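This is what each chain is made of:
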Amino acid sequence: MEMPKPDPFVLSSKARIVAGLRTLLPADAVIDDALETKAYECDGLAAYRCTPLAVVLPRTTDEVAAVLKFCHAMNVPVVPRGSGTSLAGGAMPTADCVVLGVGRMNAVLDTDYDNRLIRVQTGRTNLSVTGAVEQDGFFYAPDPSSQLACAIAGNIAMNSGGAHCLKYGVTTNNLLGVKLVLMDGTVMDIGGGHLDAPGLDLLGIICGSEGQLGVVTEATLRILAKPEGARPILLGFDANEVAGACVSDIIKAGILPVAIEFMDRPCIRTCEEYAHAGYPDCEALLIVEVEGSPAEIDEQLAHIKTIAARHNPTAMRESTSEDETKRIWLGRKSAFSAIGRIADYMCLDGTIPVSSLPFVLRRIAELGDVYGLKVANVFHAGDGNMHPLIMFDANKAGDLEKCEALGADILRLCVEVGGCLTGEHGVGVEKRDLMGAQFNPDDMEAQLRVKDVFDPKWLLNPAKVFPLDVTASRRSAA
Amino acid sequence: MVRPSTEEELSEIIRGANGPLHIRGGGTRALRRVAGEVLETGGLSGISLYEPGALTLVVKAGTPLAEVDTALAAERQRLAFEVPDLRGLLGRAGASTIGGVVATNASGPRRIQGCACRDNLIGVRLVDGAGIILKNGGRVMKNVTGYDLVKLMAGAQGTLGVLTEVAFKLQAVPEAEATVVLPVADSAAAVAMLSRALGSPYDLSGAAYDGRVLLRVEGMAGSVAYRSAALSALIGGDIVTAADSAAIWAGIRDVAAFAGRVGAIWRVSVKPTDGPVLLAALGAHVDRVMDWGGGLVWLLVPGGDDAVRIRGLVNRLGGHATLMRGPADVPAFHPETAPIAALSQALRAQFDPRGILNPGLMGGDVAPASPTTVTS
């Protein structure tokens, strides 16, 4: 993984930069000790590491603004960080950067059930947003697998999704407003408790901009009333193609499950050994979850069973208890850790048109054979968001490189069939060099021009998202 | 007037333009007429890809909305965001195009379920102000690859580029719908009921007030019967189903109550509980229809001279007020805060460096050296 050469002037100015930061923040909010900054050397993409110049942990928007204004004046790159769970290297530092962690800003500022919204500081974790309202029967819908740890700041930066986004949408569909700090220290409010300001949809462009346009310190989020209940059904099939066709029929029938999750045989076996969810032994497994009152759930599941029966499932089992439901989801949600027990793995995130599912799964298996690597597939089938998990051995020379090459081939395949490189994890550094497969130079340039507007000096998370050679002239002009 | 029939031709026209262009789909939604040569998009027409099994539609921007609706209805599918038909309200003839729908982010009652036009839009192709052909997004449901220019284009009123093709995720038409109807005199009491219903687990797809509290549920037949009964038990009211229910929501969507009536028409978006506060402050001479749980307030103001007061109130509450129909000397769009206006202006300068695409249409950011006359 190539990263830009650190700016020698910034490196040599470390003492001055740290001294300057200390005038802006309390003593415990600036970290420059080599051992302590090492804790921030990577995020969830742990194969790549680099210790930053310094780390700041502000507690207020004013402190964030002061830090950014100072770094702007000093031409110091800033890498924003939520909880550091990015699988794409979105929070990975460079040696000449200041990491700005929002983790200490985790307060709930306002809970408003009449208007169905919550305002939080963005260091708050995803699950604890729901935690703040669930006693009153509400929840925050986007549910990335890392929801116990990941911060709303990172969710907004990456426009995170999750298993239940089929019904409720991803972060951008649940974000009503932000307090944004630009790299020059300007603080602005965009959106709020009201919907859809006329004018350009700045909220829409900020969500998913991977921390390159500004630092979001507060967010107004849509919360929803919890459904009366939810229950999944497990459907097993003897071929991926058949499972894919069943997904398509369910969607077309006008039932709106909250989630349709797909696992292939390697994934089913590994998850079963880990979570003992009672998954059937089959080629392809669907978990379809529906919501509502007990009678509504029965009605929807009956309809789903009728549809599934036409595809000759090898297994069809409704969850009958809360405990069973929990175990079924534990199996699915711990797929990554389950695979992680038996191998090192790399998790991809390409999205494809649902109709291409069987073809793409077949090609992935063929490509895996070519490289001699095993791939387990688990994904959000309702929206075509795949998570191929490529297994490799990090201790074996050349295996990581082989894995990356296979990953790149799979993502190019996703683009070829009309899909995209990433559905919910973001580009970060991981997929940066593949952007040319999806965007031609004009399409890429249009995006760079957006960054020019928000961050003319290209100091905010500058080495991410776009290929380094494409952004070189802009970054060096800073 | 120019009317390109291909993206390349459109690109040539924009490259060769030496003055402002007034971009026009069906001419049923634009709030102001921009001075400049009319650029009609109707030549860029037709469905490029429709995959019912994947709930995906890709369609050229000049395609009539009616053609899209017909094609989807044949598969019992629809655009989930319930496109308002504003012809009655604005006194327009003509046929709405899908590009105009996107350019104005036209979103109906189902907005409360996270179903704005911008939420269902998954891809765009466009030609920017320099004549460069661009694409963003695609035809898949989830896509975080690069910046989300798709959202930026929704509601941009053509000021960043001329849309040539748009892609949507679709919704299957549910088996049944029902509406709970309860006459309520006071808007504050009505919005309290809407909040209560929206805070229930019954998954409303419409929550409006027009003198009656209106609560819609959609889905499978048994579920709709169950939830409408539960809502009726919660707040009272009668249950209306099927076509009668659909007719109620078409009326709310199109603000049919105001069509043909004299006065200025405002579209105000505030926090739902601020809707009644606004109405109380404005006084009884103002008529209203409230959607989006009370947060979208349509105002009919007989005198038409309340612009400063309305915008002042909305500024205090937090929100925005769009003048949909009314005096030409009042800006149609709510003034933006300085930092937002600065960013928006800079974005327009990037995508339309000569300031020739619908200049001035969105208000206080007329590009330099392109004077425009704004008429209604």
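Details of the structure are given in the entry above.
Remember, predicted model here, so these are calculated numbers, not experimental data.

1. Considerations on the interface of chain B and chain A
With 72 residues of chain B in contact, the opposing surface of chain A contributes 78 residues. Listed by contribution, the elements that provide at least two residues to the side of chain B that touches chain A are helix 5 (117-120), strand 7 (133-137), helix 6 (149-153), helix 7 (187-198), helix 8 (221-235), strand 14 (264-270), strand 17 (319-325) and helix 12 (338-351) of chain B. Tallied by class, residues from the side of chain B that touches chain A come to 32 nonpolar, 27 polar and 13 charged.

2. Notes on the sheet that holds strand 15 (residues 315-318) of chain A
Residues and elements named next belong to chain A. Spatially, seven strands are ordered 15-12-14-13-17-18-16 in an open sheet, and the strand pairing comes out antiparallel. Looking at strand neighbours, the two that pair on one side only are strand 15 and strand 16 (344-347), the edges of this open sheet. Direction aside, neighbouring strands of the sheet carry axes that sit 15° apart on average. Here strand 16 pairs with strand 18 (residues 385-392) via four bridges, running antiparallel. Paired with Cys347 across the two strands is Leu389, which belongs to strand 18. Lying on the sheet, helix 11 (residues 294-309) is in contact with strand 12 (230-237), strand 14 (284-291) and strand 15; it crosses strand 12 at an angle near 10°. Along the sheet face, helix 15 (residues 399-416) touches strand 16 and strand 18 and points at about 160° away from the line of strand 18.

3. A short note on the packing of helix 7 of chain B against helix 8 of chain B
All names here are of chain B. Two numbers describe how helix 7 lies on helix 8: the axes approach to 11 Å, and their chain directions differ by 140°. The orientation of helix 7 with respect to helix 8, classified from their angle, is oblique. Read as a crossing pair, helix 7 and helix 8 show a hand that is right-handed. Here Met193, Arg196 and Ala197 of helix 7 come into contact with helix 8, specifically with Leu231, Leu234 and Ile235. Within the contact of helix 7 with helix 8, the residues separate by chemical class into five nonpolar, no polar and one charged.

4. Section: the sheet that holds strand 2 (residues 54-56) of chain A
All names here are of chain A. Taking strand neighbours across the sheet as the criterion, the four strands line up as 1-2-4-3 in an open arrangement whose pairing is mixed. Whereas interior strands pair on both sides, the edge strands pair on one side only; in this sheet they are strand 1 (30-31) and strand 3 (78-81). As defined by bridge partners, strand 2 adjoins strand 4 (residues 98-101) across three bridges and the pair is classed as parallel. Pairing of Ala54 across the sheet is with Val98, part of strand 4. Of the strands in this sheet, strand 2, strand 3 and strand 4 are in contact with helix 4 (residues 61-74), which crosses strand 4 at around 165°.

5. Looking at helix 15 of chain A
The periodicity of an α-helix, 3.6 residues per turn, causes residues three or four places apart in sequence to face the same way. All names here are of chain A. An ideal rise of 1.5 Å per residue puts 26 Å on 18 residues; helix 15 measures up with 26 Å between its terminal C-alpha atoms. Here helix 15 has its buried residues at Cys403, Leu406, Gly407, Ile410, Leu411, Leu413 and Cys414. The buried residues of helix 15 occupy an angular sector of 150° when projected down its axis, which confines them to one face. Among the structural elements, strand 16, helix 14 (357-371) and strand 18 are those in contact with the buried residues of helix 15. Looking at the residues trailing helix 15, positive phi occurs at Gly418, about 105°.

6. Digging into helix 4 of chain A
Spanning 14 residues, helix 4 of chain A covers 20 Å between terminal C-alpha atoms, matching the ideal 20 Å at 1.5 Å per step. Immediately beyond the C-terminal end of helix 4 of chain A, within one or two residues, lies Asn75 of chain A, with a positive phi of roughly 60°.

What counts and what doesn't
- Residues numbered from 1 in each chain as written.
- Chains lettered and ligands numbered in written order.
- Predicted model: local features only at pLDDT ≥ 70, side-chain atom pairs only at ≥ 80, totals over all residues.
- Contact = placed C-beta atoms within 7 Å.
- Helix = DSSP H or I, 4+ residues; strand = E, 2+ residues; numbered from the N terminus.
- Nonpolar A, V, L, I, M, F, W, Y, C, P; charged D, E, K, R; others polar.
- Pairing = 2+ DSSP bridges.
- Axes fitted to C-alpha atoms, helices over the stretch in contact; angles between N-to-C directions.
- Parallel < 35°, antiparallel > 145°, perpendicular 65-115°, else oblique.
- Left-handed = near helix turned anticlockwise from the far one by under 90°.
- Expected span 1.5 Å × (residues − 1).
- Buried ≥ 20, exposed ≤ 12 C-beta atoms within 10 Å, placed from the backbone.
- Arc of directions from axis to C-beta.

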